[in-house]
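# Fold and geometry: a report
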Amino acid sequence: MRTRWYGCVAAATLIAPGLAQAQEETRIGIDVSPNVGYSSNPFSGSGGDLGSAYAAIDVAPQLQLLTARDTLTVSGLTSFKQYFQHYDNNESYSVSADYAGRPSERVNTHLRLNLSSAIVGAYDAVGDSLMDPGAGVPPPTDLALYGSRDRRRRVYATGDFSVALSARDSINASAFYESTRYRSFGAASDYDGFGSTLGYSRQISAGTRVGLQGSLARYSYPGQRGDTRVISTQATVSTQLNQFWALDGALGMSFVDSNSIGSTHKASLSGNANLCRKTERSNLCFFASRSVRPTGFNGSQYVNMFGADASRKLSERDTISLHAVYTTEAGSRSLVLPGLNTQFLLVSATFERRLSERMRVSAMGQYRNIFTDNYSRPADIGARIGLSYRFGDLR
């Protein structure tokens, strides 16, 4: 795994030289964010007296190389958290390279590589970013390991392109690879996956496109744990409902062929949807998805996710944001642990005030809970307050 990890980092850096030779603009910045807070169950454990105050610092550097047709963004995030009782310190890391290019007027390309190392179930800046469905990387699916405090190392790479065949018609294709390793529960939880998608869409009106897409994916579990193959076919739509609201999504069926221990074997509905409202001062998005995903310890399962994100500018300096997500794994019930139908709920609210062009202060409160049909554990209720200072480019 270590060789593959560093090999992916090296591959990402090879994207930069050719772009750098033709670059028109370079942007370099770094955000440093110290904060303090309290969490009643920071690692989603079981038992009593689990809470602790903490002090933390998050560091997020970013480099952008821009030309008339290309943008390369390399970013990182390091989170260090020191607990005052019950727990040792906690460190999490994430680095990503994102390339977007337009070789011609009809062709768009995109590549993304993400590497992360985090504690399962921890709620820090890295864990928060990994759970963001809009981040371009599928959230980790290892709810069965919450409370174990195991370390997860993950590599995720994806690429896609689209070609305009005419003024109305276009095709798109994408591929992905992922590899996840666990420090303590690797023998029962490690997995690899790869797959591809091919789609066609047609513009049927000024604000609406419809289409079809098909995908293939394979998830392998090292050792004698087998693999899972998934074929999905879906209809797609993207439409601007009015001046403010937009809808895009896909709906179809997934067919599963699996010989891996504990995995689902059934065909079922799959798809995703995003309904968003955007105005000058506020954003509101509802999202939902259902797909077959590899999970830590529990084989391949249908993973369902529903949620909402909202933000509103209260003034030129003040912004409030809300985030809620509900996730279920093993909707067909686990064969490894009978009755394990794992569910997870996260709700958070954040207030941010901009003190200057470079400095912001924020306060956040959150509620997290993980539960199954057979048992539950104490919820995680917490809050934090902190500063963020931007060095370098302000954009």
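The rules behind each value
Residue indices begin from 1 for each chain and proceed along its sequence in written order. It should be noted that, the model being predicted, local features are given only for residues of pLDDT at least 70 and side-chain atom pairs only at 80 or more, the latter also being counted only at that level, while totals for whole chains, interfaces and linings use all residues. Neither water nor hydrogens contribute to the side-chain values; these are computed over all heavy atoms in the structure. Secondary structure counts use DSSP, requiring at least four H or I residues in a row for a helix and at least two E residues in a row for a strand, with both numbered from the N terminus. Throughout, exposure labels follow a simple rule: accessible area from a 1.4 Å probe, protein chains only, divided by the maximum for the residue type, with under 20% read as buried, over 50% as exposed, and the rest as partly exposed. Residue contacts are defined here by distance: any two heavy atoms, one from each residue, within 4.5 Å place the two residues in contact. Residue-level accessible areas treat just the shown protein chains as cover; the underlying method is Shrake-Rupley with a 1.4 Å probe. Any residue with relative accessible area above 30% and no salt bridge may belong to a patch, with like charges joined within 9 Å and the nonpolar Val, Leu, Ile, Met, Phe, Trp and Tyr side chains within 5 Å. Salt-bridge detection follows one rule: a side-chain nitrogen of Lys or Arg within 4 Å of a carboxyl oxygen of Asp or Glu. Polar contacts, as counted here, are pairs of nitrogen or oxygen atoms within 3.5 Å of one another; within protein the pair requires one atom able to donate a hydrogen and one able to accept it, and residues that are adjacent in sequence qualify only if both atoms are side-chain atoms. Two strands qualify as a pair provided that DSSP identifies no fewer than 2 bridges between them.

For the chain, the count of helices and strands is four helices and 18 strands. Here the chain holds 395 residues, and the buried ones make up 42% of them. Partitioning the contacts of the chain with sequence separation of at least 6, the portion at a separation of at least 24 is 57%. Carbon and sulfur atoms form 59% of the exposed surface of the chain, whose accessible area is close to 19,000 Å².

With that settled, consider the environment of Ser96. Along the chain, Ser96 turns up in strand S4 (residues 90-104). In this structure, the C-alpha to C-alpha distance between Ser96 and Arg112, residues 16 residues apart in sequence, is 7.2 Å. Leaving out residues up to four positions away in the same chain, Ser96 has contacts with Thr73, Val74, Ser75, Arg112, Leu113 and Asn114.

For the rest of this paragraph, the subject is the side chain of Ser189. Its place among the elements puts Ser189 in helix H4 (residues 186-189). For Ser189, a relative accessible area of 0% translates into the label buried.

The next point concerns a nonpolar patch on the surface. On the surface, Ile28, Leu63, Val74 and Val95 cluster together to form a nonpolar patch covering roughly 280 Å² of accessible area. Turning to its location among the elements, Leu63 is positioned in strand S2 (residues 52-66).

Here the focus is the side chain of Ser263. Tracing the backbone shows Ser263 in the loop between strand S11 (245-258) and strand S12 (268-278). By relative accessible area, Ser263 is classed as buried at 1%. For Ser263, the side chain forms a polar contact with the side chain of Ser260, separated by 2.4 Å. One polar contact links the side chain of Ser263 to the main-chain amide nitrogen of Ser300, over a distance of 2.8 Å.

Strand direction decides the pairing type here: S2 and strand S3 (residues 70-83), joined by 11 bridges, are antiparallel. When the bridges of S3 are listed, Leu63 appears paired with Val74. As defined by bridge partners, S3 adjoins S4 across 12 bridges and the pair is classed as antiparallel. Considered in S4, the bridge of Thr73 is made with Asp98. With antiparallel pairing between neighbouring strands as the criterion, S3 and S4 make up a hairpin whose turn holds six residues, including His86 at a positive phi of roughly 75°.

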